[in-house]
Amino acid sequence: MALDGLFLHCIGQELENAVIGAKVDKVYQPSSEELVLTLHSRDLGALKLLLCARANSPRIHLTKATFENPATPPMLCMLLRKRLGGATLTGIRQAGFDRILFLDFSATNELGDKETLTIAMEIMAQYSNVILLGPDGKIIDALKRVDLTRSSKRLILPGLAYELPPQQDKLALPDHSVEELVARIREFRSKTLSSAVLSSLQGVSPALAREVAFRSLGEDKHLSEMTEDDFVDLEYPLLELKKEIASPTHTFCVVRDDSDKPFEFSFWDLKQYGPSMATDHYLRPAQVPEQRDGTHRPESRSAAGRTGEVCGSGEAAGVRGAHQREPLPAGEGRPLLRPRKLLRRKPHFARSGGPGPEPRPEFAKIL
């Protein structure tokens, strides 16, 4: 389970709607890898924004959770209070579909002059970090300082110019036609379809890549085994994914295993696991991590053996459950496509002669 760049894009959309124009009231640092900004919005009142750089659960989202803070604030916390206290959050932007979110603040310096300060939230597993940048683009400080003993390629130290991590040669879905996306995927002839999708598209997680393969073929073939018809079928889920990214609203899902533990999540309804695994649906991305604490119940749940859906609101009543498995609607000028094989009780595509799926860590440790 990974918080991919496309899911982070959805989080950014929610934050734009909720916290732009909000003022920073207080900054807390519950642990060495967590920051909490308490914000005050004219429309929504008091809000808490969590920035977590833990290696196994990096994330950023609004939260209602309570945190125990140290009696003496750490030095970074004091610095953030000094520089960001009373500042207004003016912009949220993402570096393409990479897992980096920038939060721009209009602050006042010691001389009373306005300045723009930026927090860079980097979500990159063990390299995750929260970095405060000055108006000149230089690093003021960071949650995790990185010197030459930790990296020789990218240093994160006060006074150095901030640089983005090395860019991968991948395509952004909104910027390219379906034909261009398929052409890039076809370059990876030695890989399976899901692996080729993962290597070709920005912001895509392994689960999302497998979903593209499932919706196009119903299985994960090697590209060398795919026919021209198979590549035509691949266009349809890519088109659907492009439409989903462009949509201002999404229905977020959490797939649970046989023991009812969260197994996978996405902003796109995951159909690859078949009817035997329950799927919870949420209307906001922040509800996905919050549900582990019982703060929110799912707007809908679907699973084999359950009768109907339990919906928490009229808005969610139209969410289709994974157990229905109805054919996908036909795209513009395209025939109706149906999955050729439905995977049952398999959290991953089967690999011939290979071992079963490795156990995943619990959702609470990941997101």
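Cut-offs and rules
- Residues numbered from 1 in each chain as written.
- Predicted model: local features only at pLDDT ≥ 70, side-chain atom pairs only at ≥ 80, totals over all residues.
- Heavy atoms only, no water.
- Buried < 20%, exposed > 50% of the residue type's maximum accessible area, 1.4 Å probe, protein only.
- Helix = DSSP H or I, 4+ residues; strand = E, 2+ residues; numbered from the N terminus.
- Arc of directions from axis to C-beta.
- Contact = heavy atoms within 4.5 Å.
- Polar contact = N/O pair within 3.5 Å; in protein donor to acceptor, adjacent residues only side chain to side chain.
- 1 Å grid on protein atoms, 1.4 Å probe; cavity = no way out; pocket = protein on both sides within 12 Å on 5 of 7 lines; lining within 4 Å.
- Points joined across faces, edges and corners; volume = space filled by probe spheres on them.
- Nonpolar A, V, L, I, M, F, W, Y, C, P; charged D, E, K, R; others polar.
- Phe/Tyr/Trp six-rings, centres within 6.5 Å; stacked < 30°, edge-to-face > 60°.
- Lys NZ or Arg CZ within 6 Å of the ring centre and 35° of its normal.
- Pairing = 2+ DSSP bridges.
- pLDDT = per-residue confidence, 0-100.
- Core = buried A, V, L, I, M, F, W, Y, C linked by side-chain atoms within 4.5 Å.

**A few points about helix H2 (residues 75-84)**
The set of residues buried in H2 consists of Leu76, Cys77, Leu80 and Leu84. Mapping the buried residues of H2 onto a view down its axis gives an arc of 100°, with all of them on the same face. In H2, those exposed residues whose orientation departs by more than 90 degrees from the buried face are Met75 and Lys82. Positive phi shows up at Gly86, right after H2, with a value of about 80°.

**Focus: the environment of Ser128**
Assignment of secondary structure puts Ser128 in the loop between strand E7 (114-122) and strand E8 (129-133). Taking the C-alpha atoms as reference, Ser128 lies 9.5 Å from Asn56; in sequence the two are 72 residues apart. Contact partners of Ser128, with chain neighbours within four places excluded, come to Ala53, Arg54, Pro58, Glu122, Ile123 and Lys144. Polar contacts involving the side chain of Ser128 include one to the main-chain carbonyl oxygen of Ala125, which spans 2.7 Å.

**Some thoughts on the layout of surface pockets**
In this structure, the largest pocket occupies an estimated 1,200 Å³ of space. Every residue lining the largest pocket is counted, 42 residues in all, and those nearest its centre are Arg99, Ile123, Met124, Ala125 and Tyr127. Classifying every residue of the lining of the largest pocket by side-chain character gives 21 nonpolar, 11 polar and 10 charged.

**Considerations on the packing of aromatic side chains**
Summed over the entire model, instances satisfying the criterion amount to four aromatic pairs. For the ring pair Phe7 and Phe265, a centre distance of 5.1 Å and an interplane angle of 85° mean the geometry is edge-to-face. Here Phe265 lies in strand E11 (residues 262-266) and Phe7 lies in helix H1 (residues 5-19), a separation of 258 residues in the sequence. Overall, Phe7 belongs to the buried group, its relative accessible area being 2%. Taking relative accessible area as the criterion, Phe265 reaches 4% and is therefore assigned buried. Arranged with centres 5.7 Å apart and planes meeting at 85°, the rings of Phe263 and Tyr273 form a pair that is edge-to-face. On the criterion of sequence distance, the pair formed by Phe263 in strand E11 and Tyr273 in the loop between E11 and strand E12 (279-282) is long-range, its members being 10 residues apart. With relative accessibility at 9%, the residue Phe263 sits in the buried group. Pairwise contacts between aromatic rings join Phe7, Phe252 and Phe265 into one cluster. The side chain of Arg186 reaches across the aromatic face of Phe231, ending 3.9 Å from its centre.

**Looking at empty space enclosed by the protein**
Under the criterion given, the structure shown has one cavity of 30 Å³ or more. By volume, the largest cavity is sized at about 40 Å³. Residue lining of the largest cavity: Leu35, Leu76, Leu80, Ile119, Val130, Ile131, Leu132 and Leu143, and that is the complete set. At the level of elements, H2 and E8 are the ones that each hand at least two residues to the lining of the largest cavity. Among the elements that line the lining of the largest cavity, the one with the most residues is E8, at three residues. Taken together, the residues that form the lining of the largest cavity break down as eight nonpolar, no polar and no charged.

**Considering the pairing of strand E6 (residues 100-108)**
Most of E6 sits out of view: seven of its nine residues are buried. In terms of strand pairing, strand E5 (residues 88-94) meets E6 through six bridges, oriented antiparallel. Note on E6: the bridge partner recorded for Gln94 is Leu101. Counting the residues between successive antiparallel strands, the hairpin from E5 to E6 contains five residues, one of them, Gly96, with a positive phi of roughly 60°.

**Observations concerning helix H3 (residues 178-185)**
Regarding H3, the residues found buried are Val178, Leu181, Val182, Arg184 and Ile185. End-on, the buried residues of H3 take up no more than an arc of 160°, which puts them together on one face. Among the structural elements, helix H4 (193-200) and helix H6 (228-246) are those in contact with the buried residues of H3.

**What to know about the confidence of the model for the protein**
Per-residue confidence for the protein gives a mean pLDDT of 82; residues scoring 70 or more make up 78%. Every residue in residues 291-297 is under pLDDT 50, and counting partners more than four places away or in other chains gives 15 contacts. Segment residues 303-367: pLDDT under 50, and 138 contacts once partners within four positions in sequence are set aside and those in other chains are kept.

**As for the nonpolar core**
Counting residues in hydrophobic clusters, the biggest one holds 72 residues, and the most contacted among them are Val19, Ile60 and Phe267. If sequence neighbours within four positions are ignored, Ile60 has contacts with Leu8, Ile11, Leu15, Leu49, Leu50, Leu51, Leu101, Leu103, Met121 and Ile123. Judged by nonpolar contacts, the second largest core, of 11 residues, contains Ile131, Ile139, Ala142 and Val146.

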